[in-house]
Amino acid sequence: MLLGTMNESERLAELAEAVRESTIKRLRAVPEGLENWRPVPSAMSFADLAHHIAEADGWLFRKLENPELPPMLGNVGEGAVADRAQFLARVEDLVDLGRRLSALLRGLDGAALNRRLPDDRFGGEVSVWWIVARANLDHEAHHRGQLASYLRQVAETVP
């Protein structure tokens, strides 16, 4: 779609799709047996990061329904998996969540994007657009970079 013909919701959805696709590529590149690997004990593992990104999507969906919802935090070890199959199932959950997020974003009109929500992390009150762009998409992009950094330590190629 040409930029001039897209509305803000469509642009956010397109960005969300691109960010998620890149995240999924990195997660699928995790070598088998290293799903719970972490560079240091205090860092989240590959599996923790996949879990955390999924939790962030769920948080966004709930935040839009309940503006008073407090911010969420990721925790080391919270997303540990028992085996490769469980890890790959989590990756597929992220694919599905990405579709849900894209559909949600495409359904938001200008008024919905401009609606103000409380969020102490960003100065007390911000727009839905800001929550989506900063607390979800930028947040995932940050962790996508973390995944790439981890992969450089354990894999031959990094998507």
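Just above, that's the structure.
None of these values were measured; they are calculated from a predicted model.

Looking at this model, I keep getting lost on the pairing of strand E1 (residues 116-119). Mind explaining?
A regular strand places its side chains so that they alternate between the two faces of the sheet. Because side chains alternate across E1, one face comprises the buried residues Leu117 and Asp119, and the other comprises Arg116 and Pro118, none of which is buried. Looking at chain direction, E1 and strand E2 (residues 124-127) are connected through 4 bridges and run antiparallel. Bridged to Arg116 within E2 is Ser127. With antiparallel pairing between neighbouring strands as the criterion, E1 and E2 make up a hairpin whose turn holds 4 residues, including Gly123 at a positive phi of roughly 95°.

Just to check I follow, could you spell out the pattern of salt bridges for this structure?
Oppositely charged side chains can pair when the atoms bearing their charge come close. Within this structure, the stated rule accounts for 12 salt bridges. In this structure, the salt-bridge partner of Arg99 is Asp96, at a minimum N-O distance of 2.8 Å. Of this pair, Arg99 and Asp96 both sit in helix H3 (residues 84-106), 3 residues apart, which is roughly one turn of that helix. Take Asp96: its relative accessible area is 42%, and that puts it in the partly exposed class.

Sorry if this is basic, but what is going on with the nonpolar core here?
One recurring pattern in soluble globular proteins is that nonpolar side chains are buried together. Residues Phe87, Leu94 and Leu105 are the most contacted members of the largest nonpolar core, which totals 42 residues. Those elements that provide at least two residues to this core are helix H1 (8-28), helix H2 (46-65), H3 and helix H5 (128-154). When residues in this core are grouped by element, the largest group, 10 residues, is from H2. The contacts of Leu94, once residues within four sequence positions are left out, are Arg20, Ile24, Leu27, Ala50, Ile53 and Ala54.

Rules and cut-offs
Residues numbered from 1 in each chain as written. Predicted model: local features only at pLDDT ≥ 70, side-chain atom pairs only at ≥ 80, totals over all residues. Heavy atoms only, no water. Buried < 20%, exposed > 50% of the residue type's maximum accessible area, 1.4 Å probe, protein only. Helix = DSSP H or I, 4+ residues; strand = E, 2+ residues; numbered from the N terminus. Pairing = 2+ DSSP bridges. Salt bridge = Lys/Arg side-chain N within 4 Å of Asp/Glu carboxyl O. Core = buried A, V, L, I, M, F, W, Y, C linked by side-chain atoms within 4.5 Å. Contact = heavy atoms within 4.5 Å.

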